[in-house]
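An overview of the molecular structure
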Amino acid sequence: MRLKKYTDYALRVLMFTAVKEEGELASKKEISEAFGISMNHLAKIVHELQKSGYVETVRGRNGGIRLARAPEDINVGAVVRVMEDDFNLFECFSCDTDYCVISPVCKLKGITGRALREFLRVLDAYTLADIVENRQQLEEFLN
């Protein structure tokens, strides 16, 4: 399984904003430069994170982005579910695209479905606070 860059970048945006001092704004420009993400792509990601209640944006000359919730209240698995729109690992995971002739008797769907559930279960065990507990090290790499 592979997560989209969109999801990867969303998690990076959350990490970047989480290592800021509480209430301090992060600019899209500094996030873009830190991770090499285009401003257009970043704008879409920030919009989705804002729409989902993970970040707040402040407009204007001194505007920017900050977390809308405490890092311990942002679950990694929930963020991944919001950012990913397709967890169909194989065509048989969706009734609309299942044209496989062995689908009715195939064991692979059950095995991979279980693996996907376990993957998400592990992510559900972590919050943003867990993945930024090495805050000082992250700040060094991001500055």
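Preceding this paragraph is the structure being described.
So, here is what we can say about the structure in this document. The structure displayed is predicted, hence computed values, not measured ones. (Residues numbered from 1 in each chain as written. Predicted model: local features only at pLDDT ≥ 70, side-chain atom pairs only at ≥ 80, totals over all residues. Heavy atoms only, no water.)

**So, the environment of D73**
- As for its position among the elements, D73 is in the loop between β2 (64-67) and α4 (76-83).
- Remark: the alpha-carbon pair of D73 and E30, spanning 43 residues in sequence, is separated by 24 Å. (Helix = DSSP H or I, 4+ residues; strand = E, 2+ residues; numbered from the N terminus.)

**Quick look at helix α1 (residues 5-18)**
- For α1, with 14 residues, the first-to-last C-alpha span of 20 Å sits near the 20 Å given by 1.5 Å per residue.
- Of all 14 residues making up α1, ten are buried, and the element is well covered by its neighbours.
- Looking at α1, one finds that the buried residues are Y6, T7, Y9, A10, L11, V13, L14, F16, T17 and A18. (Expected span 1.5 Å × (residues − 1). Buried < 20%, exposed > 50% of the residue type's maximum accessible area, 1.4 Å probe, protein only.)

**Points about the packing of helix α2 (residues 28-35) against helix α3 (residues 39-51)**
- Interaxial distance between α2 and α3 falls to 10 Å at its minimum, and their mutual angle equals 115°. The crossing of α2 and α3 is right-handed. Each of K28, K29, I31 and S32 in α2 lies in contact with α3, whose residues at this interface are M39, L42, A43 and V46.
- Its residues placed into classes, the contact of α2 with α3 shows five nonpolar, one polar and two charged. (Axes fitted to C-alpha atoms, helices over the stretch in contact; angles between N-to-C directions. Left-handed = near helix turned anticlockwise from the far one by under 90°. Contact = heavy atoms within 4.5 Å. Nonpolar A, V, L, I, M, F, W, Y, C, P; charged D, E, K, R; others polar.)

**Points about the packing of aromatic side chains**
- Scanning all chains against the criterion turns up one aromatic pair.
- The interplanar angle of 70° and the centroid separation of 6.1 Å between the aromatic rings of F16 and F35 together place this pair among those described as edge-to-face. Here F16 is found in helix α1, whereas its partner F35 is found in helix α2, with 19 residues between them in sequence.
- Of the residues examined, F16 reaches a relative accessible area of 5% and is grouped as buried. (Phe/Tyr/Trp six-rings, centres within 6.5 Å; stacked < 30°, edge-to-face > 60°.)

**Regarding the nonpolar core**
- Membership of the largest hydrophobic core comes to 31 residues, with the highest contact counts inside it found for L14, I45 and L49.
- Residue contributions to this core peak at eight residues, all from α1.
- Not counting the four nearest positions on each side in its chain, L49 is found in contact with A10, V13, L14, Y54, V55 and M83. (Core = buried A, V, L, I, M, F, W, Y, C linked by side-chain atoms within 4.5 Å.)

**Side note on the pairing of strand β1 (residues 55-58)**
- Of the pairings in the sheet, the one linking β1 to β2 comprises four bridges and is antiparallel in character. Bridge pairing links V58 to G64 in β2.
- Turn length for the β1-β2 hairpin, with the two strands adjacent in sequence and antiparallel, is five residues, and the turn residue G60 shows positive phi of about 105°. (Pairing = 2+ DSSP bridges.)

**Remarks on the layout of surface pockets**
- There is about 250 Å³ of room inside the largest pocket.
- Classifying every residue of the lining of the largest pocket by side-chain character gives five nonpolar, two polar and seven charged.
- By volume, the second largest pocket is sized at about 180 Å³.
- As for the second largest pocket, its lining consists of K28, A43, V46, H47, Q50, T57, V58, R59, G64 and I65.
- Listed by contribution, the elements that provide at least two residues to the lining of the second largest pocket are α3, β1 and β2. (1 Å grid on protein atoms, 1.4 Å probe; cavity = no way out; pocket = protein on both sides within 12 Å on 5 of 7 lines; lining within 4 Å. Points joined across faces, edges and corners; volume = space filled by probe spheres on them.)

**Section: the side chain of E84**
- Relative to the helices and strands, E84 resides in the loop between α4 and α5 (108-124).
- Buried and unpaired, E84 has no salt bridge, with K4 as the nearest side chain of opposite charge at 4.6 Å.
- A polar contact is formed between the side chain of E84 and the backbone nitrogen of K4, at a distance of 2.8 Å.
- Within the local environment of E84, its side chain forms a polar contact with the side chain of T7, the two groups lying 2.5 Å apart.
- The contact partners of E84, leaving out residues within four places of it in the chain, are L3, K4 and T7. (Lys, Arg positive; Asp, Glu negative; His and termini not counted. Salt bridge = Lys/Arg side-chain N within 4 Å of Asp/Glu carboxyl O. Polar contact = N/O pair within 3.5 Å; in protein donor to acceptor, adjacent residues only side chain to side chain.)

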